[in-house]
Each structure stands twice: as C-alpha cells, then as structure tokens.
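Close look at the chain arrangement
Here is how the chains run, residue by residue.
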Amino acid sequence: MASFTMTAPNLKHYSLHTFLRSQSPNYTCHYPLLLRSSTSQFCGRPLSFSLPSSNANANANAASPLLLPSIFAKVSKGSKPPPFTLKDQDGKTVSLSKFKGKPVVVYFYPADETPGCTKQACAFRDSYEKFKKAGAEVVGISGDDPSSHKAFAKKYRLPFTLLSDEGNRVRKEWGVPGDFFGALPGRETYVLDKNGVVQLVYNNQFQPEKHIDETLKLLQG
C-alpha cells in the first residue's frame, strides 16, 4: 500500500491568521492511503494532498512534531492546569490566579478573524449574560498578538478577555491537542470551578458554537 507526502510550510514563526487565510498548505505526513490524491476544506481554505514517487526520500518519515497525530491533552477533568500570565487585548498582564474564587471558562482557539473562531467568539458574546448570571468569567486564548485581539474584540464587540499566547507556550503546557495531524492549533474549552479544578474539557474543531452549549450546560446544571 502506498504512502503519501504532503509538504508543510515553515510553521516555526508562522502567523496563523495569515496561514489560514492566504495559503493553500501542502503538509508532509506519512499515512497509508488507497487514493493517490485528495482535496478537502479546512476553515474555508482548500487543502490538497498528493503522493510521492516511489523513490521518495526514506528519511522523510522523520516527521516534524507539528505534523504528528494529535496528542492527548495533559490537562484533564479533576486536575489543576498549569498557571499562566499573559497579556490581554489592552496589553495588560492577566494571570490565571486572578479568577480563583469563581468559575472560569478558558477556551483555546486557532486564530482571530477565521470563520470558525469568529462564530465561536460571537456565540460566547451572545451568551455572555448567561455566563455572568452563572458567576463565570470567559477567557479566550490564541497565539495572536494583543493588537490583533484588540481589533478582533472591537470589531465584534466582544465583552470578555482575550489573551495572547505568542509562541503557544501555554497551549503546549496545557497539552491542547492539535488538529489535522497536529499541524493546526486545536479548539478546546476548559471549565474550571472556583477552586481552579477542571470540571469539563470539550474539544470540537468543526462545531465551534457547541463549546458554548456544553459549558453553559455544566455551569447552569
């Protein structure tokens, strides 16, 4: 059975906003397929795949860590996640410990202004009063810088905090699993209780609005 190769862009210092909106990436990955080529869609961008010739470089199997299959999250229900201190959309420093004493919804998302992330952010906005009534804070985290977050929050009138995890350090520390063979940052939501203990972990890349339904179901239960 043949294996296929998809050539990845340089993601070391990539801007996911640019990556998702302006590129048609060719990823490198080695998985057996029956088909010799395929096309798909992710976040509105076309993705194409093609198989290598039979004399492809044998060393190509040493895949980049970014391109390995999704890892399991390190943070799980019943655990306390690693602390963090990040800048918000106004450039102010915010620590996870700030929210101790009340429930907090921490959601990791791929990037500002992408279709799924915009739907998710607006769904949190539209239900924000319900979160406040439940006594909970909402915090969004992505690798975008504070200025991107500020523009995103202003454009869509987002009333909650957006934190800048440049370099994806916190994402890695929390073990947020990636999507599409780990090449793209995943979409994962955590609900922490007033003691900072995780009560819910929810992952769904392709139905972003479901994150709001699941978190409210727990908080209102």
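One structure accompanies this document, and this report is about it. (Residues numbered from 1 in each chain as written. Predicted model: local features only at pLDDT ≥ 70, side-chain atom pairs only at ≥ 80, totals over all residues. Heavy atoms only, no water.)

1. Some points on the overall build of the chain
Just so we agree on the cut-off: The helix count covers DSSP runs of H or I at least four residues long, the strand count covers runs of E at least two residues long, and both are numbered beginning at the N terminus. Categorising residues by exposure relies on relative accessible area from a 1.4 Å probe, with only protein chains included: less than 20% of the type maximum marks a residue as buried, more than 50% marks it as exposed, and the intermediate range marks it as partly exposed. Note on contacts: a residue pair is in contact if any heavy atoms of the two residues lie within 4.5 Å. For every accessible area listed, the method is Shrake-Rupley and the probe measures 1.4 Å; residues are considered covered only by the protein chains on display.
Within the chain, the regular secondary structure consists of six helices and nine strands. Within the span of the chain, comprising 221 residues, buried residues form 46% of the whole. Excluding contacts between residues fewer than 6 apart, the proportion of contacts in the chain whose partners are at least 24 apart in sequence is 65%. When the accessible surface of the chain is totalled, it reaches about 11500 Å², and 52% of it is carbon and sulfur.

2. A few points about the nonpolar core
Operational definition: To form a nonpolar core, buried Ala, Val, Leu, Ile, Met, Phe, Trp, Tyr and Cys residues must be joined to one another through side-chain atoms within 4.5 Å.
Counting residues in hydrophobic clusters, the biggest one holds 24 residues, and the most contacted among them are Tyr 107, Phe 124, Phe 131, Val 138, Leu 158, Phe 160 and Leu 162. When residues of this core are traced back to their parent elements, those giving at least two are β5 (104–108), α2 (115–126), α3 (128–133), α4 (146–156), β9 (198–203) and α6 (210–219). If one sorts the elements of this core by residue count, α2 sits on top with five residues. Sequence-distant contacts of Phe 131, defined by excluding residues within four places in its chain, comprise Val 105, Phe 124, Ala 136, Val 138, Ile 212, Thr 215, Leu 216 and Leu 219. Grouped together as the second largest cluster of nonpolar side chains are 18 residues, Val 104, Val 106, Val 176 and Tyr 190 included.

3. Some words on the pattern of salt bridges
Here is the rule we go by: By definition here, a salt bridge exists when the distance from a side-chain nitrogen of Lys or Arg to a carboxyl oxygen of Asp or Glu is within 4 Å.
Using the criterion set out here, one finds seven salt bridges in the structure. When the shortest N-O distance is used, the salt bridge between Lys 102 and Glu 137 registers 3.3 Å. With Lys 102 in the loop between β4 (93–95) and β5 and Glu 137 in strand β6 (residues 137–142), this residue pair connects regions lying 35 residues apart in the sequence. When the shortest N-O distance is used, the salt bridge between Lys 155 and Glu 113 registers 3.4 Å. Here Lys 155 is found in helix α4, whereas its partner Glu 113 is found in the loop between β5 and α2, with 42 residues between them in sequence. By relative accessible area, Lys 155 is classed as exposed at 52%. One connected set of salt bridges, linked through shared partners, spans Lys 210, Glu 214 and Lys 217.

4. Some words on the packing of aromatic side chains
How two aromatic rings sit relative to each other is set out by the distance from centre to centre and by the angle between their planes. Our working definition: Ring pairs shown here join Phe, Tyr and Trp side chains whose ring centres sit within 6.5 Å, with only the six-membered ring taken for Trp; geometry is labelled stacked below 30 degrees between planes, edge-to-face above 60, and tilted in between.
All chains considered together, the criterion is met by twelve aromatic pairs. With a centroid separation of 4.5 Å and 20 degrees between ring planes, the pair formed by Tyr 107 and Phe 124 is classed as stacked. Here the residue Tyr 107 occupies a position in strand β5, and Phe 124 occupies one in helix α2, the gap between them amounting to 17 residues. The burial state of Tyr 107 is the same as that of Phe 124; both residues are buried. Centre to centre, the rings of Tyr 128 and Phe 160 are 6.3 Å apart; their planes meet at 40 degrees, and the pair counts as tilted. Of the two residues, Tyr 128 is situated in helix α3 and Phe 160 in the loop between α4 and β7 (161–164); the sequence distance between them amounts to 32 residues. Side by side, Tyr 128 and Phe 160 carry an identical accessibility label, which is buried. Taken together, the ring pairs connect Tyr 107, Tyr 109, Phe 124, Tyr 128, Phe 131, Phe 152, Tyr 156 and Phe 160 into an aromatic cluster.

5. Some thoughts on the pairing of strand β8 (residues 188–192)
For clarity, the cut-off: Strands are labelled as partners when DSSP assigns at least two bridges between them.
Among the five residues that make up β8, five are buried, leaving the element largely enclosed by the rest of the structure. By the alternation rule, side chains of β8 split into Glu 188, Tyr 190 and Leu 192 and Thr 189 and Val 191, which are all buried. Sheet topology note: the β5/β8 ladder contains five bridges and is antiparallel. Pairing of Tyr 107 across the sheet is with Thr 189, part of β8. Relative to β9, β8 runs antiparallel, the two sharing five bridges. Residue pairing across strands places Val 191 opposite Leu 200, the latter belonging to β9. From the end of β8 to the start of β9, which pair antiparallel, there are five residues, and Gly 196 there has a positive phi angle of about 80 degrees.

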